[in-house]
Amino acid sequence: MSLRHELERLLGKFGQDSQILEDSVLIGCSEQQEAWFALDLGLNSSSSINASLQKAEMETALQGSFIKLTKALFELNVKDASLLSTAQALLRWHDTHQFCSRSGQPTKKNVSGSKRVCPSNNIIYYPQVAPVVITLVSDGTRCLLVRQSSFPKGMYSALAGFCDIGESLEETVRREIAEEVGLEVDRLHYSASQHWPFPNSTLMIACHATVKPGQTELQVNLKELEAAAWFSRDEVATVLRRNNLSNQQQSGAIPFWLPPKLAIAHQLIKEWVEKPTCSPLPA
Ligand SMILES: [Zn+2]
């Protein structure tokens, strides 16, 4: 039995029309050059009892279990997390770009899902990614960690913000830091980047920034942030070590925790802690 037939059989078993296979999108391929596709069964958007029954049936038949995507992204290995992240972002993009924004006509997906085309005026729509800069600010000896009210309880992280139209990355970093904590960036350097599929497809661009010594007084913008504070290298190193314990194991004695290991913010903070000296970064 071909893979397609097997898939159709499974979909049929779970009460799904095999026609939905046409909605699948290409997310990568194996080392043996087998194409990998992702498909949204729409079970999450339908609130019917049917959907939860279908989910339970699938879990049994496929010997798996449904878990929250945000959780899965931090628990899988980097390669699988990246596939899942691509799938989520691409499927959401197709879901919200069903119609041409000029003619209002339905758009049509190409086979791989790399674009959609409006048949009435041939406008091609490509999946979009929004750049977000995430910056760890340091004054040479301490780093700045912040809390947004949307963060999980007790979690602190680096400052983040979307790039505005017309801005360079450098301008975004300088503006965000000035807006949110009232500091002026002295030096800035790029670290790494990571795709993140929530709320829509974003490219997280991680940077280290330093402020001029002696200009470290925070003016926290409480419309944007719940809290912001300087922490010493020792304090952050301690929290990073304890971060490896599960959150449940953390006691009230631990003041806060940091994003999980696979999050780019975690990498950024770890890099700063492990830097042998606190010499200013090159521009
Ligand atoms: Zn159109």
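This one's a predicted model, so the numbers in the text were calculated from it and none came from an experiment.

Observations concerning the sheet that holds strand 3 (residues 108-109)
The strands making up a sheet are joined through hydrogen bonds of the backbone, oriented either antiparallel or parallel. Strand order in the open sheet formed by three strands is 3-4-5, and the pairing between neighbours is antiparallel. Two strands in the sheet have a free side with no partner beyond their single neighbour: strand 3 and strand 5 (124-125). Inspection of the sheet shows strand 3 paired to strand 4 (residues 116-117) by two bridges, in the antiparallel sense. When the sheet's bridge partners are listed, Lys108 is paired in strand 4 with Val117.

Things to note about the domain arrangement of the protein
Considered domain by domain, the protein is made up of domain 1 (3-69) and domain 2 (130-274). On a C-alpha basis, the centroid separation for the pair domain 1 and domain 2 is 37 Å.

Looking at the nonpolar core
One finds Ile134, Val137, Leu144, Ala158, Leu268 and Ile269 to be the most contacted residues of the largest nonpolar core, which totals 33 residues. Elements supplying a minimum of two residues to this core: strand 6 (130-138), strand 7 (142-147), helix 5 (169-181), strand 10 (202-211), helix 6 (233-243) and helix 7 (264-274). Ile269 has contacts with Leu136, Ala158, Val236, Leu240 and Leu258, leaving out every residue within four places of it along the chain. Ranked by size, the runner-up nonpolar core spans six residues in total, among them Val25, Ile27, Ala87 and Leu90.

Some details on helix 6
Within helix 6 the residues assigned to the buried category are Val236, Val239 and Asn243. All buried residues of helix 6 lie within an arc of 65° about the axis, which places them on one face of the element. Opposite the buried face of helix 6, at more than 90 degrees from it, the exposed residues are Asp234 and Arg241. Of the surrounding elements, those touching the buried residues of helix 6 are strand 7, strand 11 (227-232) and helix 7.

Conventions adopted
- Residues numbered from 1 in each chain as written.
- Predicted model: local features only at pLDDT ≥ 70, side-chain atom pairs only at ≥ 80, totals over all residues.
- Pairing = 2+ DSSP bridges.
- Helix = DSSP H or I, 4+ residues; strand = E, 2+ residues; numbered from the N terminus.
- Domains from an automatic or database assignment.
- Core = buried A, V, L, I, M, F, W, Y, C linked by C-beta atoms within 7 Å.
- Buried ≥ 20, exposed ≤ 12 C-beta atoms within 10 Å, placed from the backbone.
- Contact = placed C-beta atoms within 7 Å.
- Arc of directions from axis to C-beta.

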